[in-house]
Amino acid sequence: MSTAQSGMAQSGIERADIAFEVNGAAVSVSVPPVRRLSQVLRDELRLTGTKVGCDAGDCGACTVLVDGNPVCACLMPAASVVGASVTTVEGLANGRLSALQASFLEHGAAQCGICTPGLLVAATALLERNPTPSEAETQDALGGVLCRCTGYRKIIAAVMDAARCESPTDGAAPHPPTGTFSPYRDGEKGRAPTAAIPLSPSLRGDGKGEGQRQPPRFDGNLDLRLPKAGRAVGASPIRLDGVPKVTGDEKFGGDSFPADALAVLVVRSPHYHARFNFGDLDAWAKVRPGIAGVFTARDIPGKNCFGVIGPFADQPALAEGFVRLRGEAVALVAGEREAILDLDLTDFPITWTELPHLLQPGEAKAEGAALIHSHRPANLLTSGYVERGDPEGALAAAAATVSGAIETSFVEHAYIEPEAGYAYMDGDTLVVVACTQAPYMDRDDTAKVLGLPVEKVRIVPTATGGGFGSKLDVSLQPLIGLVAMKTGRPAALAYTRNESMMSTTKRHPAEMKATIGADAEGRVIGMVFEGDFNTGAYASWGPTVANRVPVHASGPYLTPNYRATGYAIHTNGPIAGAFRGFGVPQATIMQETLYDELAGKLGIDRLDFRLKNCLRDGCETVTGQRLESGVGIGECLEKLQPHWARALSEAEAFNESHGASKRGVGIASCWYGCGNTSLPNPSTIKVGISASGEVVLHQGAVDIGQGSNTVIAQICADALGLPLDRFKLKSADTAITPDAGKTSASRQTFVTGKAAEKAGRALREKILRFANVSEHATIVLDGASISICEGDAVRRIDLAALKVDGDGLVFVAEETYDPPTLPLDAKGQGKPYAVYGYGAQIAELEVDLKLGTVRLIKITAAHDVGKAINPLLVEGQIEGGIAQGIGMALMEEYIPGRTENLHDYLIPTIGDVPPVEHILVEVPDPEGPFGAKGLGEHVLIPTAPAILNAIRHATGVLVTKVPATPSRILAAIREKEARR
């Protein structure tokens, strides 16, 4: 529960018996007639497959069928379903996966899975009335359901292919999977998510790693085969956590609240900057039945300060006496669920005194500006700096130079799952079960705030319905932990959409300027970059952004003379934190738009200009790091050449015959260092063989939709030399899984994957040594025994006869990997990353010159992933990143107080993402597991600058305030015309 939820107070409303049918069964509930159907389904009937992302009908995650028609359950009062038939996602399988659910799995149409139930229900209604829909019909039917992960393209394909998944004999949907499948949880309260790697999902294609896949064909059974030993890497099995996502069994942060949990409301500041005083809180609570207590900063037993980067930690869990931003938490109200639903906070005893506030970096760093933190002069959190050569001298000697300035906006993560979780005391240990990207960081900060030893805090991540960086920061963990500690009762909290958007982190707005120069042959010889990044009221990931941007602002190009500075400036605005790229997407817009302008000034084709300047093996970066091998940007650009020529030709032909709209083609590149910048970045993986013959993988990397549960298991399987179907996953839980680090910075496939590779090889070596055979032997698991085969010799080991450890394992290995990096010196010279990923994208679009609207036609994306561990998941990451890049370029602009819901804050819908053509480039990096590089951040970085360059190609104008909304495009066109 949260502040905004008090708005649906139902005080004084009588209950009524509401009888209807759900998934074919008659039910009756006693609730107020105006209670939302979504609440009835989730809270009364425990059908938590129906998700709640907004409570306003904006996201569509709660879509159910009422008498066969799709509706938003959050908008329908319970009284409206009396006598009706309701179908939720749990009713689609009816004991076996439907063809549609199976098609979602085959196409990789479910990533984090939070929107999947709504999409499946809406698509089911479509297929009932139209078994073979077109793409346009599919988009129309699913247009009311938002997805933030997939980019929609695989969803469209899955729906359109579903009809072909039916049995050729009787049309029956696939039978339920057999084997060891259980829906993700093992039933023990607080126990880690344990997914048997069960269902033996099917291979796509031939399993040789080429990623050539055929459309799904089902004969009534889901193919249960997994890659054989040594064949997992490069194959695309159905994701190992996929089935619960399509059945509704997956448990996200708000899906498993204990029945006896206290509900928690957060009282938040309505002001950007203010002092406050409480009245008599005890007296206020005493006269309100069902209220268990009110808690403020005075109740916090530890250090009331947290932050993701220890030396910069500055944020209180509950503010003390004054607030620095709108939405800051000041108090908690805990009570019985019904009491909290009925609670009206308008008379909560708090008095506010509003203070002057600063929202723009320019005013915050101005001389004499009030300090937001007294120990940070000029409101400067920190700065990053990289200098190489003589940039001013190079620019003065350049044959051509270009300069420009770009401003970007706050961007909201807009994951469909708002923050949610519950906490309880297990003896003297606090257990927090919640969505997160960083369980060990959560544990450490929660322990610090609540005054507990770290070993007395256990974080159990639920499935996480999208994160993209914002769920790296602590949010509700210490709040529900405080209530659980103080009351001895479980405490549950689910943020509303408004509360989530108001209080959590955003992408940093940037005000950037740069100058780039080239010689007469078109080779870049110098660049100067400077950027102010609005980090908001608290530090969060501001230091990371300030330091990562100067390293990357050159783009993946040889730049011998260079200086770049990034400043993180405090304001009273929203906290800006991590968001898929840590500031690099903003800097790339600046650099790539100038590259287009410079190419034009030199009379060089824009793609050829990039090829002439891109990094190659043996080049040195702007930090002086020599890249000996694995540099794939040249190959990415070369792969795009025929697509570039075609797109330019088609645009020219179109423009010759059209006057009201013009077609444009844009290109942009990216590079991105995987993992922390010049800092330790370890991951640890444990894998063992149980006495019963299972391979147990203790895998603590949180899967937020990107597929780490599957990819890391694939890596470990091939390193160990055993098939994927023998693996059992022990997912992230600070009590039972080693620390695999945070899910951020495109590090999990590379860093945790490398740890998994090392652990798999170490376990293999232990088994071979035990059998006294060479490394050329093969290992075969046969029930509760292992057969070791070398030549004609076979040795069988009876696992049940061996001694087991505390985890029930008879053979076990645990390995850690920390990428080899070096610190940056005072001029930013050093080795900040061990591995870089590369990519380039072409955007094709049309601009209506009278309306300023943009219609995307196609995105062509070439990305160097080193080795595609799972090509299907790679494609899904590319499409999802592109969709977020489209939003950043064209529509997404978070404005505090104005765009704090998914109606006013626009993210791409299913109709906004054009066809995407993927070109997977595999230039292996010797440091990565099987040559793999990270991908998650990279795929978003080139999209926005490619789109902006395409708009300029179409119109002749560059929009310098992003997003490029129709009004800004029209203003730029008019300004250009006025200068004629």
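Residues numbered from 1 in each chain as written. Predicted model: local features only at pLDDT ≥ 70, side-chain atom pairs only at ≥ 80, totals over all residues. Heavy atoms only, no water.

Draft legend 1. Focus on the pairing of strand E7 (residues 262–268). Of all 7 residues that make up E7, 7 are buried, and the element is covered over most of its length. Bridge analysis of E7 against strand E19 (residues 491–494) gives 2 bridges, and the strand direction is parallel. Following the sheet pairing, Ala263 is matched in E19 by Ala492. Of the pairings in the sheet, the one linking E7 to strand E11 (residues 329–335) comprises 6 bridges and is antiparallel in character. What sits directly across from Val266, in E11, is Leu332. (Buried < 20%, exposed > 50% of the residue type's maximum accessible area, 1.4 Å probe, protein only. Helix = DSSP H or I, 4+ residues; strand = E, 2+ residues; numbered from the N terminus. Pairing = 2+ DSSP bridges.)

Draft legend 2. Highlighting unusual backbone geometry. Of note, the amide linkage connecting Val962 to Pro963 takes the cis form, showing an omega dihedral of 15 degrees. With a phi angle near 50 degrees, Phe582 is a residue other than glycine that sits in the positive phi range. Structurally, Phe582 can be placed in the loop between strand E23 (562–570) and helix H16 (584–602). Overall, Phe582 belongs to the buried group, its relative accessible area being 3%. A positive phi angle, near 60 degrees, is found at Asn772, a position not held by glycine. One can find Asn772 in the loop between helix H20 (748–771) and strand E28 (778–782). Note on Asn772: relative accessible area 70%, which makes it exposed.

Draft legend 3. Geometry of helix H3 (residues 99–107). The element H3 is extensively covered by neighbouring structure, given that 9 of its 9 residues are classed as buried. The complete set of buried residues in H3 reads Ala99, Leu100, Gln101, Ala102, Ser103, Phe104, Leu105, Glu106 and His107. Just downstream of H3 lies Gly108, where phi reads positive at about 65 degrees.

Draft legend 4. Focus on the packing of aromatic side chains. For the structure shown, the criterion picks out 14 aromatic pairs. Consider the rings of Trp284 and Phe348, whose centres lie 5.0 Å apart with planes at 80 degrees: the pair is edge-to-face. With a gap of 64 residues between them, Trp284 in helix H8 (residues 281–286) and Phe348 in the loop between helix H9 (337–341) and strand E12 (350–354) connect regions that are remote in the sequence. We classify Trp284 as buried; its relative accessible area is 6%. Judged by relative accessible area, Phe348 falls into the buried class, the value being 6%. Grouped by ring-pair contacts, the aromatic residues Phe276, Phe278, Trp284, Phe348 and Trp352 constitute a single cluster. Lying across the ring of Tyr894, Lys506 places its NZ or CZ 4.8 Å from the centre. Sitting over the face of the ring of Phe654, Arg663 holds its NZ or CZ atom 4.5 Å from the ring centroid. (Phe/Tyr/Trp six-rings, centres within 6.5 Å; stacked < 30°, edge-to-face > 60°. Lys NZ or Arg CZ within 6 Å of the ring centre and 35° of its normal.)

Draft legend 5. Geometry of the side chain of Thr737. Within the fold, Thr737 resides in the loop between strand E27 (727–730) and H20. Side-chain polar atoms of Thr737 contact the backbone oxygen of Asp733, separated by 2.8 Å. If sequence neighbours within four positions are ignored, Thr737 has contacts with Tyr440, His698, Gln699, Gly700, Lys730, Ser731 and Ala732. (Polar contact = N/O pair within 3.5 Å; in protein donor to acceptor, adjacent residues only side chain to side chain. Contact = heavy atoms within 4.5 Å.)

Draft legend 6. A look at the pattern of salt bridges. Under the defined criterion, the tally for this structure stands at 50 salt bridges. Two residues, Arg489 and Glu336, come together in a salt bridge whose shortest N-O distance is 3.1 Å. Of this pair, Arg489 sits in the loop between helix H13 (477–487) and E19 while Glu336 sits in the loop between E11 and H9, and the two are 153 residues apart along the sequence. With a shortest N-O distance of 3.3 Å, Glu975 and Arg979 are connected by a salt bridge. In this pair, Glu975 and Arg979 both sit in helix H23 (residues 966–979), 4 residues apart, roughly one turn of the helix. (Salt bridge = Lys/Arg side-chain N within 4 Å of Asp/Glu carboxyl O.)

Draft legend 7. Molecular detail of the sheet that holds strand E13 (residues 380–388). Overall, mixed pairing links the 5 strands, which are arranged E13-E23-E22-E21-E14 in an open sheet. Each edge of the open sheet is held by one strand with a lone partner, namely E13 and strand E14 (400–407). Neighbour to neighbour, the strand axes of the sheet diverge by 5 degrees on average, direction disregarded. Along the sheet face, H16 touches E14, strand E21 (510–518) and strand E22 (524–536) and points at about 150 degrees away from the line of E14. (Axes fitted to C-alpha atoms, helices over the stretch in contact; angles between N-to-C directions.)

Draft legend 8. Spatial organisation of the environment of Glu892. Structurally, Glu892 can be placed in the loop between helix H21 (871–890) and strand E34 (916–921). Take Glu892: its relative accessible area is 1%, and that puts it in the buried class. Once the C-alpha coordinates of Glu892 and Asp904 are considered, the two residues, 12 residues apart in sequence, prove to be 9.9 Å apart. Filtering out sequence-adjacent residues up to four positions away, Glu892 remains in contact with Arg148, Phe410, Val411, Glu412, Gln884, Gly887, Tyr905, Leu906, Ile907, Pro908 and Pro963.

Draft legend 9. Structural detail: the environment of Glu21. With respect to the element layout, Glu21 can be found in strand E1 (residues 16–22). For Glu21, a relative accessible area of 33% translates into the label partly exposed. The spatial distance from the C-alpha of Glu21 to the C-alpha of Thr87 is 8.4 Å, given a sequence separation of 66 residues. Ignoring anything within four residues of it in the chain, the contact list for Glu21 reads Ala26, Ala84, Ser85 and Val86. Side chain to side chain, Glu21 and Ser85 meet in a polar contact 3.2 Å long.

Draft legend 10. Expanded view of the sheet that holds strand E10 (residues 322–323). If you walk across this open sheet you meet the 3 strands as E10-E8-E12, and the pairing is antiparallel. Only two strands of the sheet have a single partner each, and these edge strands are E10 and E12. As defined by bridge partners, strand E8 (residues 274–278) adjoins E10 across 2 bridges and the pair is classed as antiparallel. Counted as the bridge partner of Arg275 is Phe322 from E10.

Draft legend 11. Spatial organisation of helix H15 (residues 542–552). Summarising burial for H15: 10 of the 11 residues are buried, a large majority. Every buried residue of H15 is accounted for by Gly542, Pro543, Thr544, Val545, Ala546, Arg548, Val549, Pro550, Val551 and His552. Contact partners of the buried residues in H15: E13, E22, E23, H16 and strand E24 (661–673).

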